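Structural characterization, general
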Amino acid sequence: MGSSSTCFFAAISLICLLMCASSINAQLTPTFYAKSCPKLLNIVRATMAKSVAKEPRIGASILRLFFHDCFVNGCDASVLLEDTPTFKGEKNAYPNQNSLRGFKLMDIIKRNVEAICKATVSCSDILALAARDSVVLLGGPSWTVPLGRKDTRTASESAANANLPPATANLATLISLFASKNLTARDMTALSGAHTIGMARCTTFRSRIYNEANSINATFATSKMANCPSVGGDNNLAPLDMSTSNHFDNGYFKTLMAKQGLLHSDQELFNGGSQDAWVRLYAKSNYAFAQDFVAAMVKMGNISPLTGFNGEIRKHCRFVNQ
Ligand code: HEM
Ligand SMILES: *[C@@H]1O[C@H](CO)[C@@H](O)[C@H](O)[C@H]1NC(C)=O
Ligand SMILES: *[C@@H]1O[C@H](CO)[C@@H](O)[C@H](O)[C@H]1NC(C)=O
């Protein structure tokens, strides 16, 4: 074979390799584990069901864990990593420290999955499924979860601080933080409906109930002060949606219309700005909320996933593989 044809075959192989790699790199797909782990969805669902039955709030905590994973360098299970000698992880970033929950439950689900499908399913995909199951188990809408994410080998505390929205954020800041993930203001408002479940610590809403006379119902503010003193009690909890904090519905948007949003960032969605119309629609129609929430959850789950040969299937969700 002449050197020119050797070169020709080398070029063809290279092109093929690039094309194969990019097709493996393609979209996430709901059937990713259909052959390799057909019981996956049942295992995750059963473990979540048991856990939510014992403590409904854990569903909220898992949903938030997924959000905090996806917003920091994509849905790659970076949020689950412990600190290492080479990087500071995300667990102690300001929005996460003393706040984020669900790590032990993630370990349990991962263990149950590993028992049936060894070294097959990524922690990032398990988290995406567990978040969907949380919503469903608490009475919210269901959706099909695209799968095929790999797990990252690194994490970043500073990226978590820079990318996760604080409760003090105003509407413009919220919109721009979500826009940086290619999520629209409408996606942001629908996704904030996740605050229909779960709790917040006094430290996240103190300044709102003591200092924001105009945008808060006075009776509501006073009632929250009982368990959130002006000094101390930082970790005392209040439901984000006072109406039904263990039930996933559109009640959150009704509280916003009554100036009873708990966080400053919540009330920003209904305070005379561009999102008022969406809040009104979602408060009126649980169906419209469910539709937009589900669509936005799928979009959020698609933020910069590692696929194909990128990343790894972690053996333990807290540690990169050796
Ligand atoms: C729009 C910007 C957002 C801000 C500023 C924000 C902020 C917060 C804060 C401050 C808390 C209370 C944390 C604590 O006190 O420990 C919280 C809780 C929560 N957040 Fe958000 N959040 C936002 C969007 C989202 C999104 C997009 C989701 C999910 C799709 C979400 C899901 C939750 C859930 C479920 C809880 C309750 C967690 C639990 O009870 O363990 N949040 N959020
Ligand atoms: C957002 O979209 C742009 C343009 O398609 C792309 O370059 C960028 O990577 C996307 N960002 C994220 C976080 O998905
Ligand atoms: C504030 O909330 C209370 C209790 O829900 C309600 O009775 C009252 O009318 C509200 N006040 C205003 C000014 O909307």
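This structure is a prediction, so every number in the text was calculated from the model and none was measured.

Once that is clear, we can look at the state of the cysteines. If you walk through the whole model with that rule in mind, you get 4 disulfides. A sulfur-sulfur distance of 2.0 Å marks the disulfide that ties C37 to C117. The sign of the 80° torsion about the S-S bond sets the C37-C117 disulfide as right-handed. A residue pair is termed long-range when its members are at least 10 positions apart, and C37 in the loop between α1 (3-24) and α2 (40-54) and C117 in the loop between α4 (103-116) and α5 (123-137) qualify at 80 residues.

On to the environment of F253, then. The topology assignment puts F253 in helix α11 (residues 251-257). A C-alpha to C-alpha distance of 9.2 Å links F253 and D266, two positions 13 residues apart in sequence.

Turning to the site of ligand 2, a few remarks are in order. In the vicinity of ligand 2, the contacting residues are S180, N182 and S304. Here an oxygen atom of ligand 2 and a side-chain polar atom of N182 are 2.3 Å apart. When ligand 2 sits alone it has 360 Å² of accessible area, and the protein chains cover 35% of it.

Once that is clear, we can look at the pattern of salt bridges. Here the structure, examined in full by the defined rule, presents 14 salt bridges. Residue R318 pairs with E82 through a salt bridge whose shortest N-O separation is 2.7 Å. Of this pair, R318 sits in the segment after α14 (286-301) while E82 is found in the loop between α3 (57-70) and α4, placing the two residues 236 residues apart along the sequence. Take E82: its relative accessible area is 24%, and that puts it in the partly exposed class. As a salt-bridge pair, D107 and R318 come within 2.6 Å of each other at their nearest N and O atoms. With D107 in helix α4 and R318 in the segment after α14, this pair connects stretches of sequence that are 211 residues apart. Residue classification places R318 among the buried positions, given a relative accessible area of 18%. One network of salt bridges, in which partners are shared, links E82, K91, D107 and R318.

Now for the layout of surface pockets. Left-over empty space is what a probe sized like a water molecule reveals as it rolls over the atoms. There is about 1200 Å³ of room inside the largest pocket. In terms of lining, the largest pocket is formed by 48 residues, of which the most central are R64, H68, P165, H195 and L263. Elements supplying a minimum of two residues to the lining of the largest pocket: α3, α7 (171-179), α8 (185-192), β1 (199-201), α9 (202-211), α12 (264-268) and α14. Residues that form the lining of the largest pocket fall into these classes: 25 nonpolar, 16 polar and 7 charged. Looking at which domains feed residues into the lining of the largest pocket, each of domain 1 (40-163) and domain 2 (171-300) supplies at least three. The calculated volume of the second largest pocket comes to roughly 240 Å³. For the lining of the second largest pocket, the secondary-structure elements that each account for two or more residues are α2 and α4. Considered class by class, the residues forming the lining of the second largest pocket number 5 nonpolar, 4 polar and 4 charged.

Our next topic: the nonpolar core. Membership of the largest hydrophobic core comes to 74 residues, with the highest contact counts inside it found for I62, L63, L65, F66, L80, F293 and M300. When we break this core down by domain, the ones giving at least three residues each are domain 1 (40-163) and domain 2 (171-300). M300 has contacts with F66, F67, C70, F71, C75, L183 and L191, leaving out every residue within four places of it along the chain. Among the nonpolar cores identified, the runner-up in size contains 12 residues, and A200, C202, A238 and L263 belong to it.

What UniProt calls "binding site: Ca(2+) 2" (unreviewed entry) maps, in this numbering, to T196, D241, T244 and D249. Of the residues just listed, which span 54 residues, no C-alpha pair is farther apart than 9.8 Å, and they cluster in one region. With respect to the element layout, T196 can be found in the loop between α8 and β1. Those residues within four positions of T196 in sequence are excluded, and the remaining contacts are D241, T244, S245, H247, F248, D249 and Y252. A polar atom in the side chain of T196 sits 3.4 Å from the side chain of D241. Within the fold, D241 resides in the loop between β2 (237-239) and α11. D241 gets classed as buried once you look at its relative accessible area, which sits at 0%. Residue contacts for D241: discarding those within four places in its chain leaves H195, T196, D249, G251, Y252 and T255. There is a polar contact of 2.4 Å between the side chain of D241 and the side chain of S243.

Calculation criteria
Residues numbered from 1 in each chain as written. Chains lettered and ligands numbered in written order. Predicted model: local features only at pLDDT ≥ 70, side-chain atom pairs only at ≥ 80, totals over all residues. Heavy atoms only, no water. Disulfide = S-S within 2.5 Å. Helix = DSSP H or I, 4+ residues; strand = E, 2+ residues; numbered from the N terminus. Near = heavy atom within 4 Å. Polar contact = N/O pair within 3.5 Å; in protein donor to acceptor, adjacent residues only side chain to side chain. Areas by Shrake-Rupley, 256 points an atom, 1.4 Å probe, with all protein chains shown as cover. Salt bridge = Lys/Arg side-chain N within 4 Å of Asp/Glu carboxyl O. Buried < 20%, exposed > 50% of the residue type's maximum accessible area, 1.4 Å probe, protein only. 1 Å grid on protein atoms, 1.4 Å probe; cavity = no way out; pocket = protein on both sides within 12 Å on 5 of 7 lines; lining within 4 Å. Points joined across faces, edges and corners; volume = space filled by probe spheres on them. Nonpolar A, V, L, I, M, F, W, Y, C, P; charged D, E, K, R; others polar. Domains from an automatic or database assignment. Core = buried A, V, L, I, M, F, W, Y, C linked by side-chain atoms within 4.5 Å. Contact = heavy atoms within 4.5 Å. UniProt positions renumbered as here; feature names shortened; annotations may be inferred.

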